[in-house]
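Fold and contact review
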Number of protein chains: 2
Amino acid sequence: MKAIPLSIEIIGLLAATLTTSSFVPQVYKIWKTKSAEGVSLTMFLMFFSGVILWLFYGLYIHSVAMTVANVITASLALIIIYYKFKLK
Amino acid sequence: MKAIPLSIEIIGLLAATLTTSSFVPQVYKIWKTKSAEGVSLTMFLMFFSGVILWLFYGLYIHSVAMTVANVITASLALIIIYYKFKLK
């Protein structure tokens, strides 16, 4: 695979920053309200599994943005899943 | 850009199916409980913006999986944002 040009990697990194950090306010909301009731467990279990596959995809196509983003997103999704079980 | 091999596109499409359809149970939960209170608006606004950028990225690298996934994910995130405003 040819490496992805830097300009496109910058768009990817910006995309990654947004989609990944978007989970932070959700984790914060759950932590602050001490409730994960409004959040769907099915959503986060499916999402987590999908992110793990995207990680393999990103690694294969040598995409720095996708690899970094998916490692962090998977971790944040896992925190939400943990809260969902802990607070129920 | 060289096209991405079919085997890798299949992993990508599986990843896409999971991360994209994961939003369906969340939309269903909001619709069923008629409440989007537990969901973070900040999360979905950031997530939506990021998905739009991933869409450009996917188009550039000629990734079928990323393009299709991001169009559908953006639509589902938009439905959640709509409910968040409507039900508040």
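How each quantity is defined
- Residues numbered from 1 in each chain as written.
- Chains lettered and ligands numbered in written order.
- Predicted model: local features only at pLDDT ≥ 70, side-chain atom pairs only at ≥ 80, totals over all residues.
- Heavy atoms only, no water.
- Helix = DSSP H or I, 4+ residues; strand = E, 2+ residues; numbered from the N terminus.
- Buried < 20%, exposed > 50% of the residue type's maximum accessible area, 1.4 Å probe, protein only.
- Contact = heavy atoms within 4.5 Å.
- Areas by Shrake-Rupley, 256 points an atom, 1.4 Å probe, with all protein chains shown as cover.
- Axes fitted to C-alpha atoms, helices over the stretch in contact; angles between N-to-C directions.
- Parallel < 35°, antiparallel > 145°, perpendicular 65-115°, else oblique.
- Left-handed = near helix turned anticlockwise from the far one by under 90°.
- Least-squares fit on C-alpha atoms with pLDDT ≥ 70 in both.
- 1 Å grid on protein atoms, 1.4 Å probe; cavity = no way out; pocket = protein on both sides within 12 Å on 5 of 7 lines; lining within 4 Å.
- Points joined across faces, edges and corners; volume = space filled by probe spheres on them.
- Buried area = accessible area lost by both parts, 1.4 Å probe.
- Salt bridge = Lys/Arg side-chain N within 4 Å of Asp/Glu carboxyl O.
- Nonpolar A, V, L, I, M, F, W, Y, C, P; charged D, E, K, R; others polar.

**Observations regarding the overall build of chain A**
Tallying secondary structure elements over chain A gives four helices and zero strands in all. Listed N to C, the secondary structure of chain A is α-α-α-α in terms of helices and strands. In terms of overall dimensions, chain A has C-alpha extents of about 45 × 20 × 15 Å along its principal axes. Split into buried and exposed, the 88 residues of chain A put 48% on the buried side. Of all intrachain contacts in chain A linking residues separated by at least 6 positions in sequence, the fraction that spans at least 24 positions is 75%. Accessible surface computed for chain A: about 4,400 Å², of which carbon and sulfur atoms make up 74%.

**With respect to the packing of helix H1 (residues 6–21) of chain A against helix H3 (residues 41–60) of chain B**
Orientation of H1(A) relative to H3(B), taken along the N-to-C sense of each, is 150 degrees, at an axis distance of 7 Å. With respect to each other, H1(A) and H3(B) are oriented roughly antiparallel. At the point where H1(A) passes H3(B), the crossing takes the left-handed sense. Across the interface between the two elements, Ile8(A), Glu9(A), Ile11(A), Gly12(A), Leu14(A), Ala15(A), Ala16(A), Leu18(A), Thr19(A) and Ser21(A) from H1(A) touch Met46(B), Phe47(B), Ser49(B), Gly50(B), Val51(B), Leu53(B), Trp54(B), Tyr57(B) and Tyr60(B) from H3(B).

**Quick word on the relation of the copies chain A and chain B**
Turning chain A through 180 degrees and shifting it by 0.0 Å along the axis lays it on chain B, with an RMSD of 0.0 Å. Taken together, the rotation angle and the small translation identify this as a two-fold axis. It is Gly38(A) whose C-alpha, among those of chain A, lies nearest the rotation axis, at 1.9 Å. A share of 100% of the interface residues of chain A reappears at the interface of chain B, consistent with the copies meeting face to face through the same patch.

**A word on the layout of surface pockets**
In this structure, the largest pocket occupies an estimated 240 Å³ of space. Lining the largest pocket are 15 residues, with Glu37(A), Gly38(A), Ser35(B), Glu37(B) and Gly38(B) sitting closest to its centre. Contributing elements (two or more residues each) for the lining of the largest pocket: helix H2 (23–33) of chain A together with helix H2 (23–33) of chain B. A per-element tally of the lining of the largest pocket places H2(B) first, with three residues.

**Structural notes on the packing of H1(A) against H2(A)**
Residue and element names in this part refer to chain A. Running from amino to carboxyl end, H1 crosses H2 at an angle of 15 degrees, the nearest separation of the two axes being 5 Å. Judged on the interaxial angle alone, H2 and H1 are roughly parallel. Contacts from Thr19, Thr20 and Ser21 of H1 reach H2 at Phe23, Val24 and Pro25.

**Focus: the interface of chain A and chain B**
Tallying the contact residues gives 41 residues for chain A and 41 residues for chain B. Regarding the contact of chain A and chain B, the summed buried area is about 3,500 Å², with carbon and sulfur atoms giving 77% of it. At the junction of chain A and chain B, the tally comes to zero salt bridges. Where the side of chain A that touches chain B is concerned, the elements lending two or more residues are H1, H2, helix H3 (41–60) and helix H4 (64–86) of chain A. Sorting elements by how many residues they give to the side of chain A that touches chain B places H3(A) first, with eleven residues. Of the residues contributing to the side of chain A that touches chain B, the split by class is 25 nonpolar, eleven polar and five charged.

**Some remarks on unusual backbone geometry**
In the Ramachandran plot, His62(A) falls in the positive-phi region, its phi being about 55 degrees despite a non-glycine side chain. Position of His62(A) among the secondary structure elements: in the loop between H3 and H4. For Lys34(B), which is not glycine, the phi dihedral falls at a positive 50 degrees. Looking at where Lys34(B) falls in the secondary structure, it is placed in the loop between H2 and H3.

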